[in-house]
Amino acid sequence: MNTIVITRVAERQWHALDDDLVVGRGDAMPRPDGRPFLSIDAWHDGVFTHLVETMLADLPRPLYTVVDEADLDLQTRWAQAGLTIRRREWEYVMSSGGDGAAPRPDLTLLPIGTAELDPLRQLDRTIRAEIEATIGWDQMPAAVLSRPLDPTGYAVAAERDAYVGLARLALLPRHTRIGLIAVRSDRRRRGIAQAMLAEILAATKARGVATVSAEVHEANTAAIALFEAVGARRTGSNVELVVH
């Protein structure tokens, strides 16, 4: 391999050249919350090293990346570049099914896309504030942090005239993806999250899809218990790394 030359070909993209042949690419793309996440596709370890050194020198910090934890080689490369683990997400998969019946007559489950915007926005603000006051909103997955509030992607639990719980969903062709299930702090331990999950599993089966998936922070014991109670199995994990 000849001397590697790193060229910044766009604002957020770099190429590694070996005798004018592109042997590696690096990207720095912002996620919905604005944080820049790095990705590198390189043919050789040395190319990766040259790319990451140049990118880290060119970009303001902090910088982030996400790695499948099973890819130990890639995780080691990022660690050698100075990135450390910030958070770990477990991947869970569960089977659809059940009747989705609400456990209490005063609890109404609104299917995805049927919630009204104003009360949903109010509930979203309340839950964000409660999360910020505990673990910190910045500990949420990047896909959750700043995505615009769109009722078409939410299922909601309501008591009387107030929304008390929400689930952010993506109805994908082969599974339903749960991005977030959250209940107002003053309405927890009343079976609301369990009722929403049961409704999601039933609705997924009704549309002819066999599985539901979710990512759960490794420290979120309540969410882990919620999913494992319906037979969810852990299928993998991702780690988010950062360099300051």
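Before any of the text, the structure's been laid out above.
The structure displayed is predicted, hence computed values, not measured ones.

Analysis parameters
Residues numbered from 1 in each chain as written. Predicted model: local features only at pLDDT ≥ 70, side-chain atom pairs only at ≥ 80, totals over all residues. Heavy atoms only, no water. Core = buried A, V, L, I, M, F, W, Y, C linked by side-chain atoms within 4.5 Å. Buried < 20%, exposed > 50% of the residue type's maximum accessible area, 1.4 Å probe, protein only. Helix = DSSP H or I, 4+ residues; strand = E, 2+ residues; numbered from the N terminus. Polar contact = N/O pair within 3.5 Å; in protein donor to acceptor, adjacent residues only side chain to side chain. Contact = heavy atoms within 4.5 Å. Pairing = 2+ DSSP bridges. Expected span 1.5 Å × (residues − 1). Salt bridge = Lys/Arg side-chain N within 4 Å of Asp/Glu carboxyl O.

Q: Could you give me a rundown of the nonpolar core, with the residues and numbers involved?
A: Counting residues in hydrophobic clusters, the biggest one holds 28 residues, and the most contacted among them are Met94, Ile178, Ile181, Leu197 and Phe227. Of all the elements, helix H5 (residues 192-206) adds the most residues to this core, at 7 residues. Listed in part, the 22 residues of the second largest apolar core include Trp14, Ala42, Met55 and Val243.

Q: I'd like to hear about the side chain of Asn238, residue by residue, with values.
A: Note on placement: Asn238 falls in strand S12 (residues 233-243). For Asn238, a relative accessible area of 19% translates into the label buried. Within the structure, the side chain of Asn238 is placed 3.1 Å from the side chain of Glu91, a separation counted as a polar contact. When residues no more than four places from it in sequence are discounted, the contact partners of Asn238 are Val66, Val67, Asp68, Glu69, Arg87, Arg88, Glu89, Glu91 and Glu215.

Q: Pulling in residues and values, what's your account of the pairing of strand S1 (residues 4-10)?
A: Inspection of the sheet shows S1 paired to strand S2 (residues 13-18) by 6 bridges, in the antiparallel sense. Note that in S2 the partner of Val5 across the bridge is Leu17. Hairpin connection, S1 to S2: the antiparallel pair is bridged by 2 residues.

Q: Talk me through unusual backbone geometry; I want residue IDs and the actual numbers.
A: Cis geometry marks the peptide bond from Arg61 to Pro62, where omega comes out at 5°. Even without being glycine, Asp20 reaches a positive phi, approximately 70°. By secondary structure assignment, the location of Asp20 is in the loop between S2 and strand S3 (21-30). Asp20 gets classed as exposed once you look at its relative accessible area, which sits at 71%. In this structure, Arg160 is a non-glycine residue whose phi angle is positive, near 55°. Locating Arg160 in the fold gives a position in the loop between strand S8 (154-159) and strand S9 (162-171).

Q: Quick rundown of the environment of Ser95? Include the residues and the values.
A: Of note, Ser95 is situated in strand S6 (residues 84-95). A residue is classified by how much of its surface remains accessible, and Ser95, at 47% relative accessible area, is partly exposed. Linking Ser95 and Asp45, residues 50 residues apart in sequence, is a C-alpha distance of 40 Å. Once residues lying within four places of it in the same chain are set aside, the contact partners of Ser95 are Leu201 and Ala210.

Q: So what about the side chain of Glu69? Which residues, and what values?
A: You can see Glu69 is positioned in the loop between strand S5 (63-68) and helix H2 (72-80). Looking at Glu69, the relative accessible area reads 19%, which means it is buried. Engagement of the side chain of Glu69 in a polar contact is seen with the side chain of Arg88, the distance being 2.8 Å. Discounting chain neighbours no more than four positions away, the residues touching Glu69 are Gln75, Arg88, Ser237, Asn238 and Val239.

Q: Give me the lowdown on H5, citing residues and values where you can.
A: Here H5 spans 21 Å end to end across 15 residues, near enough to the 21 Å set by a 1.5 Å rise per residue. Considered for burial, the residues of H5 that qualify are Ile192, Ala193, Ala195, Met196, Leu197, Ile200, Leu201, Ala202 and Thr204. One or two positions beyond H5, positive phi appears at Gly208, with a value near 80°.

Q: Requested: an account of the pairing of strand S7 (residues 107-110), with residues and values cited.
A: The side chains of a regular strand alternate, residue by residue, between the two faces of the sheet. Along S7, the buried face is formed by Leu107 and Leu109; none of Thr108 and Leu110, which line the opposite face, is buried. As judged from the 4 bridges shared by S7 and S8, these two strands associate in the antiparallel manner. Bridge pairing links Leu109 to Ala157 in S8.

Q: Requested: an account of the pattern of salt bridges, with residues and values cited.
A: Under the defined criterion, the tally for this structure stands at 17 salt bridges. Where Arg77 meets Asp45, a salt bridge forms, and the shortest distance between an N and an O atom there is 2.4 Å. With Arg77 in helix H2 and Asp45 in helix H1 (residues 45-58), the pair connects residues that are 32 residues apart, well separated along the chain. The exposure class of Arg77 is buried, given its relative accessible area of 18%.

Purely geometric stuff here, so don't read any function into it on its own.
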